[in-house]
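Chain by chain, the residues run as shown.
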Amino acid sequence: MFYEKYPAIVGSDVAGDVEEVGEGVVGFKKGDRIPKQLSYSQAASIPLTLATAAIGLYANQPSGIGLNPLFNHTSANYSGQAALVIGGSTSVAIQLLRYVKFGPIITYASGRHSEYLKSLGATECIDRNQVSLSELPEVVKKLTGGVQVKVVYDAISNNDSQLAGYEILAEDGGMVLVTGENKLQEKIDATGSKKTVVRVFAYPFMPAIQEFGKAMYKNLTKLVEDGDLVPNRVEDLPNGLAGITAGLERMKKNQVSGVKLVAYPQETS
Ligand SMILES: NC(=O)c1ccc[n+]([C@@H]2O[C@H](COP(=O)([O-])OP(=O)(O)OC[C@H]3O[C@@H](n4cnc5c(N)ncnc54)[C@H](OP(=O)(O)O)[C@@H]3O)[C@@H](O)[C@H]2O)c1
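Residues numbered from 1 in each chain as written. Predicted model: local features only at pLDDT ≥ 70, side-chain atom pairs only at ≥ 80, totals over all residues. Heavy atoms only, no water.

### Some points on the sheet that holds strand β3 (residues 124–127)
The criterion, for reference: Two strands pair under a simple rule: DSSP has to find at least two bridges between them. A helix here means a DSSP run of H or I that spans at least four residues, while a strand means a run of E at least two residues long, and both kinds are numbered starting from the N terminus. To get an axis, a line is fitted to the C-alpha atoms, and for a helix only the part in contact is used. The angle between two axes follows their N-to-C directions and goes from 0 to 180 degrees. For this analysis, residues touch if any pair of their heavy atoms sits within 4.5 Å.
Ordered by their spatial adjacency, six strands build an open sheet running β3-β2-β1-β4-β5-β6, and the pairing between neighbours is parallel. Each edge of the open sheet carries a strand with a single partner, namely β3 and β6 (196–199). Adjacent strand axes in the sheet meet at a mean angle of 15°, parallel and antiparallel pairs treated alike. Summarising the sheet, strand β1 (residues 82–86) and strand β2 (residues 105–109) pair through four bridges and their orientation is parallel. The partner of V85 across the bridge, within β2, is T107. Relative to the sheet, helix α5 (residues 136–144) contacts β1, β2, β3 and β4 (149–154), its axis offset from that of β3 by approximately 155°.

And the structure:
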């Protein structure tokens, strides 16, 4: 993998102003910054989260399930089709499904985030503290009243969430996994199912996905300015790089929920 030896650059999400433009770079000039309404922390929360959800949902197979490969507003319209986001607090997937007009958009997340997730486009929120993953298929079936779920975005991707999502998915539907092993391909191969399952790799710079990556970044400013993409909620960590250790400890203890932690390296003392 990329980061097995130190020193290594272990992250790529940053925000700032353009200080200098390199030779051959077009579309940028000195002094450019992110859209005015965003703080640097909010902007820094966008690149990886957007790339993960966008490649998984919009890019063509095998990178994604191909819902909007040109990344535009007009060519993709899935109104009347149901989608499910497992682990919806990650937030971007819900908004990208709203952007291509899915409805209903059901999400499975902590109940305390329901109002927030509805403000981003979820139409139904299932509280993961009230309903287990094994119960989820039954609960979703009741909610949709038999309407098939064409898309499942699984932001958890453990064994239980994969099985639940797969059971819920329509026979011609597409499912996105974000981490771990794809436990479902064997099932698909064994049964001859037409379901599609992809495991996303959120790196829009690979040759196979570069054109999609360009379209995504070209659209990003407008998405944010139009309010189609609201950045994640963020919390600034204190003490520059030193603050990251405490942040990681909180993540290990599952004490970070529905928010991205942001560090300011220049504040390191
Ligand atoms: N493939 C790639 O290239 C790629 C790129 C980026 C990220 N990822 C992966 O994508 C996943 C999501 O990333 P993220 O940044 O959105 O993570 P996150 O902010 O840490 O977590 C997202 C949400 O998952 C929910 N959650 C955690 N454990 C759960 C469980 N056992 N059951 C149900 N829900 C659970 C929590 O929801 P509540 O707050 O609602 O409880 C949490 O807010 C991570 O595993 C990350 O490693 C993959």
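### Some words on the UniProt feature "domain: Alcohol dehydrogenase-like C-terminal" (unreviewed entry) in the protein
The condition is simple: UniProt positions are given in the numbering used here, feature names are shortened, and annotations may be inferred rather than shown by experiment.
UniProt tags residues 92–185 as "domain: Alcohol dehydrogenase-like C-terminal" (unreviewed entry). Helix makes up 37% of residues 92–185 and strand 26%. Its end C-alpha atoms lie 25 Å apart.

### A closer look at the environment of M175
Inspection of the secondary structure puts M175 in strand β5 (residues 169–177). Through-space distance from the C-alpha of M175 to that of V151 is 5.7 Å; in sequence the pair is 24 residues apart. The residues touching M175, leaving out its near neighbours within four places in the chain, are I65, V152, D154, S161, Q162, G165, Y166, L169, L184, T196, V197 and V198.

### Describing the packing of helix α2 (residues 47–58) against helix α8 (residues 210–225)
Worth spelling out the cut-off: In this scheme, roughly parallel covers angles under 35 degrees and roughly antiparallel covers those over 145, while 65 to 115 is roughly perpendicular and the rest are oblique. By definition, turning the near helix anticlockwise from the far helix through less than a right angle yields a left-handed crossing, and turning it clockwise yields a right-handed one.
It is the contact of α2 with α8, at a shortest axis distance of 11 Å, that shows an interaxial angle of 125°. Between α2 and α8, the angle falls in the class oblique. The handedness of the crossing between α2 and α8 comes out as right-handed. Counting all contacts with α2, which are made through P47, L50, A51, A54, I55 and Y58, the residues of α8 involved are F212, M216, Y217 and L220.

### Focus: the UniProt feature "domain: Alcohol dehydrogenase-like N-terminal" (unreviewed entry) in the protein
The feature "domain: Alcohol dehydrogenase-like N-terminal" (unreviewed entry), as annotated in UniProt, sits at residues 4–35 in this numbering. Across residues 4–35 one finds 0% helix and 0% strand; the C-alpha atoms that close the span lie 35 Å apart.

### What about the site of the ligand?
Inclusion rule: Note on terminology: near, applied to a residue and a molecule or strand, indicates that one of the residue's heavy atoms is within 4 Å of it. The term polar contact refers here to a pair of N or O atoms within 3.5 Å; inside protein, the definition further demands a hydrogen-donor-capable atom paired with an acceptor-capable atom, and it admits residues adjacent in sequence only when both atoms are side-chain atoms. Computed with a 1.4 Å probe, the accessible areas rest on the Shrake-Rupley method; for each residue, only the protein chains presented here act as cover. In this classification, Asp, Glu, Lys and Arg are treated as charged, Ala, Val, Leu, Ile, Met, Phe, Trp, Tyr, Cys and Pro as nonpolar, and every other residue, Gly included, as polar. By convention here, the domain bounds are inherited from an automatic or database domain assignment.
Near the ligand lie 19 residues; those nearest to it are S89, T90, S110, S257 and K260. S110 places a side-chain nitrogen or oxygen 2.5 Å from an oxygen atom of the ligand. Backbone polar atom of V200 to a nitrogen atom of the ligand: 2.8 Å apart, as the coordinates give it. Burial of the ligand by the protein chains amounts to 70% of its free accessible area of 920 Å². In the shell around the ligand, the residues fall into eight nonpolar, eight polar and three charged. In this structure, the shell around the ligand is formed jointly by two domains, domain 1 (48–199) and domain 2 (233–269), each of which donates at least three residues.

### Some remarks on the domain arrangement of the protein
Applicable threshold: One side-chain nitrogen of Lys or Arg within 4 Å of one carboxyl oxygen of Asp or Glu is enough to make a salt bridge.
Assigned domains within the protein: domain 1 (48–199) and domain 2 (233–269). Taken over C-alpha atoms, the centre of domain 1 sits 28 Å from the centre of domain 2. Contacts between the two partners involve five residues from domain 1, matched on the other side by four residues from domain 2. Summed over the shared surface of domain 1 and domain 2, the number is zero salt bridges. Taken together, the links from domain 1 to domain 2 amount to three residue pairs in polar contact (both at pLDDT 80 or more). Considering only residue class, the side of domain 1 that touches domain 2 consists of one nonpolar, three polar and one charged.

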